[in-house]
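Notes for the structure review
Chain by chain, the residues run as shown.
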2 protein chains.
Amino acid sequence: MEDEVDRLVAAWRRERPDLDVEPLEVLSRVSRLARHLDRARRLAFAEHQLEPWEFDVLTALRRAGTPYQLSPGQLLTQTLVTSGTMTNRIDRLAKKGLVERLPDPSDRRGVLVRLTDTGRDRADQSLAGLLTQERAILGELSQAQRAELAGLLRQLTAPFDNIPG
Amino acid sequence: MEDEVDRLVAAWRRERPDLDVEPLEVLSRVSRLARHLDRARRLAFAEHQLEPWEFDVLTALRRAGTPYQLSPGQLLTQTLVTSGTMTNRIDRLAKKGLVERLPDPSDRRGVLVRLTDTGRDRADQSLAGLLTQERAILGELSQAQRAELAGLLRQLTAPFDNIPG
DNA sequence: CTCAAGTATCTTGACGTCGAGATATGCGAG
DNA sequence: CTCGCATATCTCGACGTCAAGATACTTGAG
């Protein structure tokens, strides 16, 4: 089956036959698919009265395990947002009673963000919903294909995640 | 090499051994990679005094071929933004002299957005820059792997692009 | 012809993000 | 000890996006 990127690449080959646009076959699909996923996630989370950004923060804390707390800095690297954004997110989540801010006992510059019981429940519920939806999207692929795809993507993400880029 | 998603998945398996989180191996990588790509693109375009959103609109028009014009509606489907956003983008690009708005001769509700000569040059220059950068990112993969990856991604994007989703 | 439903675009206000700078604390060389 | 640089977080203003609704035109059934 054809997709928008096939059409996009064909158009470039017609308009700029002098250029090799093959990189777009991979990277434009990544960007467009991410955009579609954002929309789908927004719908899935709406059932749990959560925004995608709230999910990202709550689940990062949930994954940390008991006592479900991380510094704002640790949350930054996991969610790929800037520090001003994270301050804002923590403020709003705290106002909703899903997280609380505690002073870091070992560094007086620092703060720890801790999941409340309510926040933990929300994280658990919405994760289950997300997985259900993602399985539907991946239904197109066999188990072997999913593993193949994950491996190829890892080769692209690893440099970003490891080198301080 | 390990990436952030490997760590994320390992954490979920520890915290929620009851859930099958395998879908995240693919889709979390897609979302995170897209985020890294956004940042990289922003840097690449800065050399041409262009924002990523400006590139998206200008190149959609450039790909259309002579006379480089499309309706706002056609631009929506290519760029995955809402109509209010596109109106705003066209306003700003017109103010910079990169596009111009013309009445649609065949439908008085409609408008055609046309690339100016300056806009066309900018689109061509920045596309070359983008491709150079994308080739560097894809350097991790062999030609065969890139083709494999593109094919797998197409299977995921095609349903979104074809069914009116 | 007429009118209702459909379509294309624009308007508006709320919202989340970014980037640069501010503040406060930690740490190592001398 | 102390000075200067590094680090952790927060503040603030500008900006881009979204969703919902408004406006203007088109189309087809009757």
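Residues numbered from 1 in each chain as written. Chains lettered and ligands numbered in written order. Predicted model: local features only at pLDDT ≥ 70, side-chain atom pairs only at ≥ 80, totals over all residues. Heavy atoms only, no water.

This brings us to the sheet that holds strand β3 (residues 111-115) of chain B. Residues and elements named next belong to chain B. Spatially, the 3 strands line up as an open sheet ordered β1-β3-β2, and their pairing is antiparallel. Of all the strands in the sheet, just β1 (69-70) and β2 (99-103) have a single pairing partner and so form its edges. Both β2 and β3 contribute to a ladder of 5 bridges, which runs antiparallel. Residue pairing across strands places Val99 opposite Leu115, the latter belonging to β3. Packed on one face of the sheet, helix α3 (residues 52-63) meets β1, β2 and β3 and runs near 90° to β3. The strands touched by helix α5 (residues 83-95) within the sheet are β2 and β3, with β2 carrying the most contacts at an inclination of about 115°. (Pairing = 2+ DSSP bridges. Helix = DSSP H or I, 4+ residues; strand = E, 2+ residues; numbered from the N terminus. Contact = heavy atoms within 4.5 Å. Axes fitted to C-alpha atoms, helices over the stretch in contact; angles between N-to-C directions.)

With that settled, consider the nonpolar core. Val26(A), Leu149(A), Val26(B) and Leu149(B) are the most contacted members of the largest nonpolar core, which totals 30 residues. Counting residues per element, the ones that place at least two in this core are α2 (23-46), α6 (117-138) and α7 (143-162) of chain A together with α2 (23-46) and α7 (143-162) of chain B. Beyond its immediate sequence surroundings of up to four residues, Val26(A) is in contact with Leu156(A), Leu138(B), Arg146(B), Leu149(B), Ala150(B) and Leu153(B). (Core = buried A, V, L, I, M, F, W, Y, C linked by side-chain atoms within 4.5 Å. Buried < 20%, exposed > 50% of the residue type's maximum accessible area, 1.4 Å probe, protein only.)

A few words on the environment of Thr59(A). Mapped onto the elements, Thr59(A) comes out in helix α3 (residues 52-63). C-alpha of Thr59(A) to C-alpha of Arg101(A): the two residues are 42 residues apart in sequence and 16 Å apart in space. Filtering out sequence-adjacent residues up to four positions away, Thr59(A) remains in contact with Ala123(A) and Trp12(B).

Glancing now at the relation of the copies chain B and chain A. If you rotate chain B by 180° and push it 0.0 Å along the axis, it lands on chain A with an RMSD of 0.1 Å. Expressed as an axis order, the relation between the two copies is that of a two-fold axis. A high fraction, 100%, of the interface residues of chain B reappear at the interface in chain A, so the copies pair face to face through one surface. (Least-squares fit on C-alpha atoms with pLDDT ≥ 70 in both.)

As a further point, take the protein's contact with DNA strand C. Around DNA strand C, a shell composed of 22 residues is seen, among which Asn88(A), Arg89(A), Gly73(B), Ser83(B) and Arg109(B) lie nearest. Of what DNA strand C places within 4 Å of the protein, 71% of the atoms are sugar or phosphate. Thr82(A) places a polar main-chain atom, nitrogen or oxygen, 3.2 Å from a phosphate oxygen of DNA strand C. Between Arg89(A) and DNA strand C, the recorded distance is 2.4 Å, taken from a side-chain N or O atom to a phosphate oxygen. Elements that contribute at least two residues to the surface near DNA strand C include exactly α5 (83-95) of chain A together with α4 (72-79) and α5 of chain B. If one sorts the elements of the surface near DNA strand C by residue count, α5(A) sits on top with 5 residues. Here the residues of the surface near DNA strand C sort into 4 nonpolar, 10 polar and 8 charged. (Near = heavy atom within 4 Å. Polar contact = N/O pair within 3.5 Å; in protein donor to acceptor, adjacent residues only side chain to side chain. Nonpolar A, V, L, I, M, F, W, Y, C, P; charged D, E, K, R; others polar.)

With that settled, the discussion passes to the pattern of salt bridges. A full pass over the atoms with the stated rule returns 40 salt bridges over all chains. Residue Asp6(A) pairs with Arg154(B) through a salt bridge whose shortest N-O separation is 2.7 Å. Here Asp6(A), found in helix α1 (residues 4-15), pairs with Arg154(B), found in helix α7, and the two come from separate chains. On the accessibility criterion, Asp6(A) (16% relative accessible area) is buried. Between Glu100(A) and Arg114(A) there is a salt bridge; the shortest N-O distance is 3.7 Å. Taken together, the residues Glu100(A) in strand β2 (residues 99-103) and Arg114(A) in strand β3 (residues 111-115) connect sequence positions 14 residues apart. Given a relative accessible area of 34%, Glu100(A) falls into the partly exposed group. (Salt bridge = Lys/Arg side-chain N within 4 Å of Asp/Glu carboxyl O.)

Running from amino to carboxyl end, α3(A) crosses helix α1 (residues 4-15) of chain B at an angle of 65°, the nearest separation of the two axes being 9 Å. Each of Thr59(A), Arg62(A) and Arg63(A) in α3(A) lies in contact with α1(B), whose residues at this interface are Leu8(B), Ala11(B), Trp12(B), Arg14(B) and Glu15(B).

Below, the discussion takes up the interface of chain B and chain A. Chain B puts 70 residues into the contact, and the matching count from chain A is 70 residues. Here chain B packs against chain A, burying approximately 7500 Å² in sum over the two surfaces, 65% of which is carbon and sulfur. When the area that chain B buries against chain A is broken down by residue, the three leading residues are Trp12(B), Arg63(B) and Leu80(B), summing to 10%. The interface formed by chain B and chain A holds 10 salt bridges in total. The interface formed by chain B and chain A holds 24 residue pairs in polar contact (both at pLDDT 80 or more) in total. Elements that contribute at least two residues to the side of chain B that touches chain A include exactly α1, α2, α3, α4, α6 (117-137) and α7 of chain B. Sorting elements by how many residues they give to the side of chain B that touches chain A places α7(B) first, with 17 residues. Looking at side-chain class alone, the side of chain B that touches chain A contains 33 nonpolar, 12 polar and 25 charged residues. (Buried area = accessible area lost by both parts, 1.4 Å probe.)

All names here are of chain A. Looking at the assigned domains, one finds that chain A contains domain 1 (1-46) and domain 2 (47-162). The straight-line distance from the C-alpha centre of domain 1 to that of domain 2 is 26 Å. Counting residues at the interface gives 9 residues for domain 1 and 13 residues for domain 2. Overall, the association of domain 1 and domain 2 removes approximately 1000 Å² of surface from exposure, summing both partners, and the carbon and sulfur fraction of that is 60%. It is Arg41, Ala44 and Phe45 in domain 1 that bury the most area against domain 2; as a group they hold 57% of the surface buried on that side. There are 2 salt bridges connecting domain 1 and domain 2. A salt bridge links Arg41 to Asp56; its shortest N-O distance comes to 3.5 Å. Linking domain 1 to domain 2 there are 9 residue pairs in polar contact (both at pLDDT 80 or more). Its residues assigned to classes, the side of domain 1 that touches domain 2 comprises 7 nonpolar, no polar and 2 charged. (Domains from an automatic or database assignment.)

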